[in-house]
Amino acid sequence: MMTPDDLAAIASCLESPDRVITNAQTVQRLSRDFYWYSPVLKKLLDDKVAEAVVQPISTPEIVRILACCYQRRIPVTARGAGTGNYGQAIPLQGGIVLDLAAMDAIHEITSDGIAVTGPGTRLGTLETTARTAGWELRCYPSTIAKASVGGFLGGGSGGIGSVAHGGLRDFQTVRAIEVVTMEPRPRIVLLEGEAVHDVLHAWGTNGIITKIWLALTPAVEWSQCVVAFSSFDEAFTFSEKIATSSSWTKRLVTTFEWPIPAAFSPIAQYTRDGKAIVFFMIAAAQLEALGEAAKAASGEVTLAAPYDGIRTQPLLSDYTWNHTTLWYMKLDPAFTYLQCLFSAVDARAQFTQLKSRFGDDFLFHLEFMKLGSGTVVPGSIPLIRFTTETRLNEMIDFCRSIGVSVANPHSNNVEGGGRYREDNVQLLTKYKYDPLGLLNPGKMVTFQPVATATTP
């Protein structure tokens, strides 16, 4: 338990002590993310809360805070915007939540397309700013309007744009990351090139991100398109053709089995009862050709419209990636989700086996994405009916048995979530940068605190 003396010591690390928050309602709100998408995590994490929230505005403040917390053995859990779904921002052992929202400066958009930014910068703000300079984000989550850059690097992996540019781990999208270590005398460390993987997607367990160098891509004039098909097979065939062909300039290719589109009530006029649909974000210059190709494939174009940025209405990306899960849970709260990767060559056979085994308890929602190898594959965030944890694990095990990889979103640790690197660089980095295990403790389960760690 933190003492009044602990709180006073942390407050002395800040230029303004009122940025140490102890109001119970505020602390609870800032100790939460969207973990409740998972019934497993909801049960596990509902009662977890920090003892205080600390809101730094500079790297020197973070250095002082971490030195203080190290000396007093106070756990520190980093928070971006709280839009994640895995409980990575929820403190398991009390202590403080380090709210990085105010670290939101965009330092530079370089002439060669590198955004230099603070961790608290909203991705939507960065996208808008980059486009004024002729650039745009390579990939971003469906939560772009609220999600922060640091949170995306800490807990995200891909999103809109991944069909063309891969995820955050691919193609040197993350050029460099500056982090502060949790040691007796915290260090400011710059990780460049391959070294960024030491801390990327580690849930803030092995360093506090303070600055990011993120590669952009030249801006494109985009349009949105919705195409309805009589069957999921037809929808998959057409979407796969567009996604895998280099002749199409695209930012989003999303395929939905019916009845998933029934949940999209604000855009019901663009869906068709009983039909699968595909959402595209396509280069405006190719919109007409896409419509013609869709009609030739027996598809019905229900929307073909310009995209004018994240304020566009309707904004199709609001219904893709894990926003799809949110919409469907509103329609049927019995459902949750998985994160899967289907085979580039055997996807149809895998679909058939899953349907045969689970029927309408397993609904297909595909997000095409490019792997680091350059192959475009049908990634997936399928909706699954939850009954028991045993049944959930049966679904996961069956997927893996037929060659469908699963990143388990119902696991509250870095290793279990499916993005942990097999070379253990994240674990080795934690031993170097957080020997006592005070950063987001309990979230890297293969780590054991170093008993001989020193005090200042």
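Anyway, here's the lowdown on the structure attached to this text. (Residues numbered from 1 in each chain as written. Predicted model: local features only at pLDDT ≥ 70, side-chain atom pairs only at ≥ 80, totals over all residues. Heavy atoms only, no water.)

Observations regarding the packing of aromatic side chains
Aromatic rings considered in pairs are described by the distance between their centres and by the relative angle of their planes. Heads up, the rule is: Any two of the Phe, Tyr and Trp rings considered here, Trp counted by its six-membered ring, make a pair once their centres fall within 6.5 Å; the pair's planes then place it as stacked at under 30 degrees, edge-to-face at over 60, or tilted in between. A run of DSSP states H or I qualifies as a helix once it reaches four residues; a run of E qualifies as a strand once it reaches two. Both are numbered from the N-terminal end. Burial here depends on accessible area, computed with a 1.4 Å probe over protein chains only, as a share of the maximum for the residue type. Under 20% is buried, over 50% is exposed, and the range in between is partly exposed. Criterion for a charge above a ring: Lys NZ or Arg CZ within 6 Å of the ring centre, and within 35 degrees of the ring normal.
Enumeration according to the criterion identifies 25 aromatic pairs in this entry. Ring centres of Phe256 and Phe279 lie 5.0 Å apart, and the angle between their planes is 75°; on these two criteria the pair is classed as edge-to-face. Here Phe256, found in strand β12 (residues 250–256), pairs with Phe279, found in strand β13 (residues 276–283); they are 23 residues apart in sequence, far enough to count as distant. For the residue pair Phe256 and Phe279, the accessibility class agrees, reading buried in each case. When the ring centre of Tyr70 is taken as origin, the NZ or CZ atom of Arg73, which lies over that ring, is 5.0 Å away. The ring of Phe364 carries Lys355 above its face, with NZ or CZ at 5.4 Å from the centroid.

Section: helix α12 (residues 389–401)
Just so we agree on the cut-off: Helix span is expected to be 1.5 Å times the residue number reduced by one. Relevant arc is that of directions from the helix axis to the C-beta atoms, nothing else. In what follows, a contact means two residues having at least one pair of non-hydrogen atoms within 4.5 Å.
In this model, α12 (13 residues) spans 18 Å end to end at C-alpha, consistent with the 18 Å of a helix rising 1.5 Å per residue. Within α12, the full set of buried residues consists of Leu392, Met395, Ile396, Phe398 and Cys399. All buried residues of α12 project into a common sector of 165° when viewed along the axis, lining one side. Exposed side of α12, more than 90 degrees from the buried face: Thr390 and Ser401 are the residues found there. In this fold, the buried residues of α12 make contact with α3 (39–45), β16 (339–341), α11 (347–358), β17 (362–363), β20 (383–385) and β21 (405–407). Just downstream of α12, Gly403 is the residue with a positive phi angle, here 90°.

Focus on the environment of Thr128
The cut-off we apply is this: Two N or O atoms form a polar contact when they lie within 3.5 Å of each other; inside protein one atom must be a possible hydrogen donor and the other a possible acceptor, and for residues adjacent in sequence the pair counts only when both atoms belong to side chains.
Within the fold, Thr128 resides in helix α5 (residues 123–132). Taking the C-alpha atoms as reference points, Thr128 and Ile177, 49 residues apart in sequence, are found 22 Å from one another. Of note is the side chain of Thr128, whose polar atom sits 3.0 Å from the backbone oxygen of Gly124.

A look at the pattern of salt bridges
Formally: By salt bridge we mean one thing: a side-chain nitrogen of Lys or Arg within 4 Å of a carboxyl oxygen of Asp or Glu.
The tally for this structure, following the rule as stated, stands at 20 salt bridges. Here Asp6 and Arg72 are joined by a salt bridge, their closest N and O atoms 2.8 Å apart. Of the two residues, Asp6 sits in helix α1 (residues 4–11) while Arg72 sits in helix α4 (residues 59–72), which places them 66 residues apart along the sequence. Overlapping salt bridges bring together Asp332, Arg357, Asp361, Arg385, Arg391 and Glu394 as one network.

A few points about unusual backbone geometry
Between Trp258 and Pro259 the backbone carries a cis peptide bond, its omega angle lying at 20°. Examined against the element boundaries, Pro259 turns out to sit in the loop between β12 and β13. Even without a glycine there, the phi angle at Trp203 is positive, about 60°. In this structure, Trp203 sits in the loop between β9 (188–192) and β10 (208–218). A residue is classified by how much of its surface remains accessible, and Trp203, at 5% relative accessible area, is buried. Non-glycine residue Trp321 carries a positive phi angle of around 45°. Topologically, Trp321 is positioned in the loop between β14 (300–306) and α10 (322–331). A relative accessible area of 13% places Trp321 in the buried class.

Comments concerning the sheet that holds strand β4 (residues 96–99)
Here is the rule: DSSP-based pairing: two strands are paired if at least 2 bridges between them are found. For helices, the axis comes from a line fit to the C-alpha atoms of the stretch in contact; other axes are also lines fit to C-alpha atoms, and the angle between any two N-to-C directions lies between 0 and 180 degrees.
Read across the sheet, 4 strands follow the order β1-β2-β4-β3 without closing on themselves; strand pairing throughout is mixed. A single partner strand is all that each edge strand has here, and the edge strands are β1 (20–21) and β3 (76–79). Across the sheet, α4 touches β2 (52–54), β3 and β4, and the angle it forms with β4 is around 170°.

What to know about the packing of helix α8 (residues 232–244) against α11
Keep this limit in mind: By the definition adopted for this analysis, an angle is roughly parallel if under 35 degrees, roughly antiparallel if over 145, roughly perpendicular if from 65 to 115, and oblique otherwise. Less than a right angle of anticlockwise turn of the near helix away from the far helix marks a crossing as left-handed, whereas a clockwise turn marks it as right-handed. The classification used treats Ala, Val, Leu, Ile, Met, Phe, Trp, Tyr, Cys and Pro as nonpolar, Asp, Glu, Lys and Arg as charged, and all other residues, Gly among them, as polar.
As a packed pair, α8 and α11 sit with axes 12 Å apart at the nearest point and diverge in direction by 155°. Taken together, the axes of α8 and α11 lie roughly antiparallel to each other. Along this stretch, α8 crosses α11, giving a crossing that reads as right-handed. Of α11, the residues touching α8 (which contributes Phe232, Asp233, Phe236, Thr237 and Glu240) are Ala347, Arg348 and Phe351. Grouping the amino acids of the contact of α8 with α11 by side-chain chemistry returns 4 nonpolar, 1 polar and 3 charged.

Regarding the sheet that holds strand β11 (residues 222–229)
Read across the sheet, 8 strands follow the order β14-β11-β13-β12-β18-β19-β16-β21 without closing on themselves; strand pairing throughout is antiparallel. Both outer strands of the open sheet, β14 and β21, are each paired with one neighbouring strand and no more. Adjacent strand axes in the sheet meet at a mean angle of 20°, parallel and antiparallel pairs treated alike.

Thoughts on the nonpolar core
This is how the line gets drawn: We define a nonpolar core as any set of buried Ala, Val, Leu, Ile, Met, Phe, Trp, Tyr and Cys residues linked to one another through side-chain atoms lying within 4.5 Å.
Counting 44 residues, the largest nonpolar core has Leu137, Leu153, Val174, Ile177, Val179 and Leu214 as the members making the most contacts within it. Sorting elements by how many residues they give to this core places β10 first, with 4 residues. Non-local contacts of Ile177, meaning those with residues more than four positions away in its chain, are made with Leu153, Val189, Leu190, Leu191, Val196, Val199, Leu200, Ile209, Lys211 and Trp213.

Observations regarding the pairing of strand β5 (residues 106–109)
Note: β5 against strand β6 (residues 114–117), 3 bridges, orientation antiparallel. Considered in β6, the bridge of Ile106 is made with Thr117. As consecutive antiparallel partners, β5 and β6 are separated by 4 residues, and within that stretch Gly113 has a phi angle of approximately 85°, a positive value.

A closer look at the environment of Glu127
Inspection of the secondary structure assignment puts Glu127 in helix α5. On the accessibility criterion, Glu127 (3% relative accessible area) is buried. Through-space distance from the C-alpha of Glu127 to that of Pro266 is 25 Å; in sequence the pair is 139 residues apart. Setting aside residues up to four positions removed in sequence, Glu127 forms contacts with Trp135, Glu136, Leu137, Ile144 and Arg251. Of the polar contacts made by the side chain of Glu127, one reaches the side chain of Arg251; its length is 3.1 Å.

What about the state of the cysteines?
What counts here: For this text, the term disulfide refers to a pair of cysteine sulfurs within 2.5 Å.
With the rule as written, the count across this model stands at 0 disulfides. Not engaged in a disulfide, the cysteine Cys399 finds its nearest cysteine sulfur in Cys340; these two sulfurs lie 4.4 Å apart. You can call Cys399 buried: its relative accessible area is 0%.

Keep in mind these values describe shape, not function.
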